[in-house]
Amino acid sequence: MKRHAASSEKKLWEKHMNENFLLMWKKFKKNKMALISLILISGFILTAIFASYIAPYNPDEQNAAYGGEPQPPSAKHLFGTDNYGRDLFSRAIFGTRISLLVGFGSVGIYMIIGIILGALSGYTGGLTDALIMRLSDIMLSIPVFFFIIALQAIFTPSVWNVILVIGLTGWAAPTRLMRAQALSLKEALFVEAAKSYGGKTLYIIFKHIMPNALSPMIVMATLGIASAILMESTLSFLGLGIQEPQASWGNMLMRAQEYMSSAPWMALYPGILIMTTVIAFNFFGDGLRDALDPKTS
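This write-up is about the structure you can find in this document. (Residues numbered from 1 in each chain as written. Predicted model: local features only at pLDDT ≥ 70, side-chain atom pairs only at ≥ 80, totals over all residues. Heavy atoms only, no water.)

Moving on to the environment of Thr277. Relative to the helices and strands, Thr277 is located in helix H13 (residues 265–292). For the pair Thr277 and Gly95, spaced 182 residues apart in the sequence, the C-alpha separation amounts to 12 Å. With residues near it in sequence (within four places) discarded, Thr277 still touches Phe44, Ile229 and Trp249. (Helix = DSSP H or I, 4+ residues; strand = E, 2+ residues; numbered from the N terminus. Contact = heavy atoms within 4.5 Å.)

Now the structure itself:
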């Protein structure tokens with residue numbers, strides 16, 4: 001009887017989730033800034049995927065004909081060129097790929113770690129919970145930005161190192177959020193029923209706990225992508241992130257420092273792209289959070 005009741009509750013839960021998705025989309029569409037941000041993010045993603053076809057020039061190709069002087073925007077070079085004669089429009093397009101790769105890659109790593117650790121912590125409790133929480137306390141007490149700078153100074157800077165360093169230092173906050181979700185879900189009837197007919201701990205965590213706790217985690221991941229993109233740009237600007245000749249918005253800004261008065265366009269376009277991307281992900285995350293909040297209408 002208990003198992004049958006749990007199965008019925010599970011079906012009702014799934015139906016409720018489908019209805020919630022439709023309601024979420026309806027609420028999300030009402031937020032114009034979030035909808036515009038979704039369109040912008042989709043455009044950035046498509047640009048990153050098809051960068052090789054969109055860029056008019058090789059982003060690393062230098063042109064000595066300009067005599068080492070940056071060239072202003074023109075019909076030939078929409079964003080102008082840098083002091084090496086490289087087309088800034090092409091470099092900005094390939095920089096989109098780097099920024100999104102770092103954003104999605106690093107956030108993907110720390111969200112996976114955080115979801116697994118948080119689910120284990122909240123569901124199992126006891127010594128496991130205490131150990132994971134104390135480790136997360138230690139991570140949260142460390143000034144992460146300076147810790148990342150130190151790690152990047154030790155290891156050879158590259159796009160994969162940036163992804164790994166950000167990904168392996170950002171898991172504490174999602175762990176705590178997932179733990180809170182697991183603590184509430186482990187008392188649900190369908191979880192109790194799964195335990196009663198022999199469900200193992202890992203089976204229950206991956207089959208029942210995690211799928212039903214993803215909504216707030218998705219919102220956190222969306223907002224985290226904006227932070228990761230900003231972090232990569234900052235590291236690259238300081239010379240500890242993506243290294244030239246590989247194009248990134250951060251190292252484009254670093255290159256522009258010497259020409260702020262004579263060639264301001266070198267800093268203008270990557271700066272606008274960083275700002276637009278970060279704002280778009282933040283507005284999109286805020287829209288998701290409001291859409292998923294049952295208190296909003």
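This part takes up empty space enclosed by the protein. In this structure the tally under the stated criterion is one cavity of 30 Å³ or more. In this structure, the largest cavity encloses a volume near 30 Å³. Lining the largest cavity are Asp82, Arg86, Leu88, Arg91, Glu244, Asn251, Met252, Arg255 and Met266. If you list the elements that add at least two residues to the lining of the largest cavity, you get helix H4 (88–124) and helix H12 (249–256). Considering each element in turn, the lining of the largest cavity owes the most residues, three residues, to H12. Residues belonging to the lining of the largest cavity are distributed by class as follows: three nonpolar, one polar and five charged. (1 Å grid on protein atoms, 1.4 Å probe; cavity = no way out; pocket = protein on both sides within 12 Å on 5 of 7 lines; lining within 4 Å. Points joined across faces, edges and corners; volume = space filled by probe spheres on them. Nonpolar A, V, L, I, M, F, W, Y, C, P; charged D, E, K, R; others polar.)

Right, let's talk about the pattern of salt bridges for a bit. Per the stated rule, a full pass over the model turns up eight salt bridges. The salt bridge partner of Arg86 is Glu244, with a shortest N-O separation of 3.5 Å. Separated by 158 residues along the polypeptide, Arg86 in the loop between helix H3 (51–54) and H4 and Glu244 in the loop between helix H11 (214–237) and H12 bring together distant segments of the chain. For Glu244, the salt bridge identified is with Arg255, shortest N-O distance 2.9 Å. Of this pair, Glu244 sits in the loop between H11 and H12 while Arg255 sits in helix H12, and the two are 11 residues apart along the sequence. Looking at Glu244, the relative accessible area reads 27%, which means it is partly exposed. A relative accessible area of 17% means that Arg255 is categorised as buried. (Salt bridge = Lys/Arg side-chain N within 4 Å of Asp/Glu carboxyl O. Buried < 20%, exposed > 50% of the residue type's maximum accessible area, 1.4 Å probe, protein only.)

What follows deals with the layout of surface pockets. Here the second largest pocket is characterised by a volume of approximately 280 Å³. Secondary-structure elements contributing two or more residues to the lining of the second largest pocket are helix H5 (126–141), helix H6 (144–154), helix H7 (159–169), helix H8 (172–185) and H11. When residues of the lining of the second largest pocket are assigned to their parent elements, the largest contribution, five residues, is made by H11. Within the lining of the second largest pocket, the residues separate by chemical class into 12 nonpolar, four polar and no charged.

Attention now moves to the environment of Asn251. Structurally, Asn251 can be placed in helix H12. Along the backbone, Asn251 and Leu238 are 13 residues apart, and their C-alpha atoms lie at a distance of 8.0 Å. In contact with Asn251, other than residues within four places in its own chain, are Arg91, Ser236, Phe237, Ile242, Gln243, Glu244 and Gln246.

The subject of this paragraph is a nonpolar patch on the surface. A cluster of nonpolar side chains, namely Met33, Ile36, Leu40, Leu268, Ile272, Met275, Ile279 and Phe283, defines an oily patch on the protein surface of about 670 Å² accessible area. Of all the elements in the fold, those that place two or more residues in the nonpolar patch are helix H2 (32–49) and H13. The element contributing the most residues to the nonpolar patch is H13, with five residues. In this fold, Met33 is placed in helix H2. Residue class for Met33 comes out partly exposed when judged on its relative accessible area of 41%. (Patch = residues over 30% accessible without salt bridge, like charges linked within 9 Å, V, L, I, M, F, W, Y side chains within 5 Å. Areas by Shrake-Rupley, 256 points an atom, 1.4 Å probe, with all protein chains shown as cover.)

The residue Tyr84 is located in the loop between H3 and H4 in this model. For the pair Tyr84 and Tyr269, spaced 185 residues apart in the sequence, the C-alpha separation amounts to 17 Å.

Once that is clear, we can look at the side chain of Thr169. Looking at the secondary structure, you find Thr169 in helix H7. On the basis of relative accessibility, which here comes to 8%, the residue Thr169 falls in the buried class. In this structure the side chain of Thr169 is engaged in a polar contact, spanning 3.3 Å, whose partner is the backbone oxygen of Ile166. (Polar contact = N/O pair within 3.5 Å; in protein donor to acceptor, adjacent residues only side chain to side chain.)

Time to look at the nonpolar core. Counting residues in hydrophobic clusters, the biggest one holds 69 residues, and the most contacted among them are Met178 and Ile209. Look past the residues within four positions of Ile209 in its chain and what remains in contact with it is Ala119, Tyr123, Met178, Ala182, Leu185, Lys186, Val191 and Ile204. Counting five residues, the second-largest nonpolar core is a separate cluster that includes Ala51, Ala55, Phe94 and Ala247. (Core = buried A, V, L, I, M, F, W, Y, C linked by side-chain atoms within 4.5 Å.)

For the rest of this paragraph, the subject is the packing of H12 against H13. Think of two packed helices as two axes; the pair is described by the angle between the axes and how far apart they sit. The contact between H12 and H13 brings their axes to 8 Å, and the two run at 150°. Accordingly, the angle class assigned to the pair H12 and H13 is roughly antiparallel. Once H12 is placed against H13, the crossing between them reads as left-handed. Where H12 abuts H13, its residues Trp249, Met252, Leu253, Arg255 and Ala256 lie against Met266, Ala267, Pro270, Gly271, Leu273, Ile274 and Thr277. (Axes fitted to C-alpha atoms, helices over the stretch in contact; angles between N-to-C directions. Parallel < 35°, antiparallel > 145°, perpendicular 65-115°, else oblique. Left-handed = near helix turned anticlockwise from the far one by under 90°.)

This part covers the side chain of Ser248. Here Ser248 is to be found in the loop between H11 and H12. Separated by 3.5 Å, the side chains of Ser248 and Ser236 make a polar contact. Excluding residues that lie within four positions of it along the chain, Ser248 makes contacts with Gly95, Ile98, Glu232, Ser236 and Ile242.

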